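Topology and contacts: notes
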Amino acid sequence: GENVEQHPSTLSVQEGDSAVIKCTYSDSASNYFPWYKQELGKRPQLIIDIRSNVGEKKDQRIAVTLNKTAKHFSLHITETQPEDSAVYFCAPTDSWGKFQFGAGTQVVVTP
Amino acid sequence: GAVVSQHPSWVICKSGTSVKIECRSLDFQATTMFWYRQFPKQSLMLMATSNEGSKATYEQGVEKDKFLINHASLTLSTLTVTSAHPEDSSFYICSASLRFFPEKLFFGSGTQLSVL
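Since the structure is predicted, the reported quantities are computational estimates derived from the model, not experimental observations. (Residues numbered from 1 in each chain as written. Chains lettered and ligands numbered in written order. Predicted model: local features only at pLDDT ≥ 70, side-chain atom pairs only at ≥ 80, totals over all residues. Heavy atoms only, no water.)

Brief notes about the confidence of the model for chain B
- A residue-level look at chain B finds 100% of positions with pLDDT of 70 or above and a mean pLDDT of 92.
- Element-level pLDDT for chain B is lowest in strand 10 (residues 101-107) of chain B, with a mean of 87, against a maximum mean of 97 in strand 11 (residues 111-115) of chain B. (pLDDT = per-residue confidence, 0-100. Helix = DSSP H or I, 4+ residues; strand = E, 2+ residues; numbered from the N terminus.)

Structure (structure tokens):
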């Protein structure tokens, strides 16, 4: 089965700095790579996703980069703000919808 | 966008009782629904996958007789925690996906279950 590793498990950044979270997966059939943000007691929210035919995708302060050869993809948050504080999960998925969530990264943005 | 409604949002029950959690897709037909449990500061753990009209597929280690899943229609799936015990206390979340877009997950708002 899919083996997903997400690093770091916690990330503390100063407001305005950048944050990067990396997700490594093992299943070469994965072709859809989403990142979810989950605030305490709330549902996960899709914040950005990328498909295997694209190397990078950006949406304002958030970007995702994919290296399919090395089987990893990363979430980049620039100009971090306190409201970016949350837990972030990756969930590499294959075309049948089979997925596995990473262990999560607790991001804390300090003012 | 696709909306998934989950009820109740929180429930407190006595040990030994059963609790039913509902997950509804409000504006689309969800051919597949997923149920997860999440302990504090941990990831979502997939419990089972259910397809409309068929039996749920449970992940290894999940007791199917304890966590009963029914997916009777394309818009409703239910999870019943039978004979709940304090160790079943957790955050339970459902998600739904579309037939022709199975990769996208639409999450319910979650149910916090506390068993006394």
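Concerning the pattern of salt bridges
- Within this structure, the stated rule accounts for seven salt bridges over all chains.
- The salt bridge partner of glutamate 39 of chain A is lysine 37 of chain A, with a shortest N-O separation of 3.8 Å.
- For glutamate 39 of chain A, a relative accessible area of 37% translates into the label partly exposed.
- Ionic pairing is found between arginine 24 of chain B and glutamate 22 of chain B, a salt bridge with its closest N-O pair at 3.5 Å.
- Salt bridges here are not isolated pairs; linked through shared partners, they connect Asp49 and Lys57 of chain A together with Lys104 of chain B. (Salt bridge = Lys/Arg side-chain N within 4 Å of Asp/Glu carboxyl O. Buried < 20%, exposed > 50% of the residue type's maximum accessible area, 1.4 Å probe, protein only.)

As for the sheet that holds strand 8 (residues 72-77) of chain A
Residues and elements named next belong to chain A.
- Reading across the sheet, the five strands line up as 1-3-8-7-6 and stay open at both edges, with antiparallel pairing between neighbours. Only two strands of the sheet have a single partner each, and these edge strands are strand 1 (5-7) and strand 6 (56-59). Pairwise comparison of adjacent strand axes, ignoring direction, gives a mean angle of 15° for this sheet.
- Bridging between strand 3 (residues 19-24) and strand 8 involves six bridges; their strand directions are antiparallel. Bridge pairing links isoleucine 21 to leucine 75 in strand 8. (Pairing = 2+ DSSP bridges. Axes fitted to C-alpha atoms, helices over the stretch in contact; angles between N-to-C directions.)

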